[in-house]
Amino acid sequence: QVQLVESGGGLVQAGGSLRLSCAASGRTFSSYAMAWFRQAPGKEREFVAGITWSGGSTYYVDSVKGRFSISRDNAKNTVYLQMNSLKPEDTAVYYCAADRSGIFRVAVVPYRSEYDYWGQGTQVTVSS
């Protein structure tokens, strides 16, 4: 079992930046693909960004390309989401997720059903 704990959310003005962190327990973190999803009120949870187990490949939803950057530090069992040029429409609860089959994949899978472990979420609010 893997536990994921997100941090770094908060309130920021439009155009500002935040860096989310997700700390994972366990010794198998480096074999997992990792991703960030978000869920706004009244909307479905959507994929935001993902990174392969090695960090060699990343994938972003179109709405955040060029503004968000996902990275990982396997030595620290942590994945990050750097969010720049934030917009009010980025307001949501952000969730970290782990895909335990990630070591068998060469590309990021952007489907919620493929992720096995989830954090509790961290709120990001962007004011206009």
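Heads up: the structure comes first, above all this text.
A brief structural summary. Just so you know, these numbers come straight off a predicted model, no measurement behind them.

**As for the pairing of strand S3 (residues 18-24)**
Okay, step 1: In terms of burial, S3 is largely enclosed, as five of its seven residues are buried.
Okay, step 2: Two strands pair when backbone bridges link them, and strand S1 (residues 4-7) and S3 are joined in this way by four bridges, in the antiparallel orientation. Residue pairing for S3: leucine 4 is matched across the bridge by alanine 24.
Okay, step 3: Bridge count for S3 against strand S8 (residues 78-83) is six bridges, and the pairing is antiparallel. The residue of S8 that forms the bridge with serine 21 is tyrosine 80.

**So, the nonpolar core**
Within soluble globular proteins, side chains that are nonpolar tend to cluster in buried spots.
Okay, step 1: Counting residues in each nonpolar core, the largest one holds 30 residues, and the members touching the most others are Leu4, Met34, Trp36, Val79, Leu81, Met83 and Tyr94.
Okay, step 2: Of all elements in the fold, only S3, strand S4 (33-39), strand S5 (46-51), strand S7 (68-73), S8, strand S9 (92-99) and strand S11 (122-127) reach the threshold of two or more residues within this core.
Okay, step 3: Among the nonpolar cores identified, the runner-up in size contains six residues, and Ala35, Phe37, Ala97 and Tyr115 belong to it.

**Topic: unusual backbone geometry**
Okay, step 1: Even without being glycine, asparagine 77 reaches a positive phi, approximately 55°.
Okay, step 2: On the secondary structure map, asparagine 77 appears in the loop between S7 and S8.
Okay, step 3: Look at serine 85: it is not a glycine, yet its phi comes out positive at around 50°.
Okay, step 4: Within the element layout of this structure, serine 85 appears in the loop between S8 and S9.
Okay, step 5: A residue is classified by how much of its surface remains accessible, and serine 85, at 41% relative accessible area, is partly exposed.

Calculation notes
- Residues numbered from 1 in each chain as written.
- Predicted model: local features only at pLDDT ≥ 70, side-chain atom pairs only at ≥ 80, totals over all residues.
- Heavy atoms only, no water.
- Buried < 20%, exposed > 50% of the residue type's maximum accessible area, 1.4 Å probe, protein only.
- Helix = DSSP H or I, 4+ residues; strand = E, 2+ residues; numbered from the N terminus.
- Pairing = 2+ DSSP bridges.
- Core = buried A, V, L, I, M, F, W, Y, C linked by side-chain atoms within 4.5 Å.

No statement about biological role is implied by the geometric values presented.
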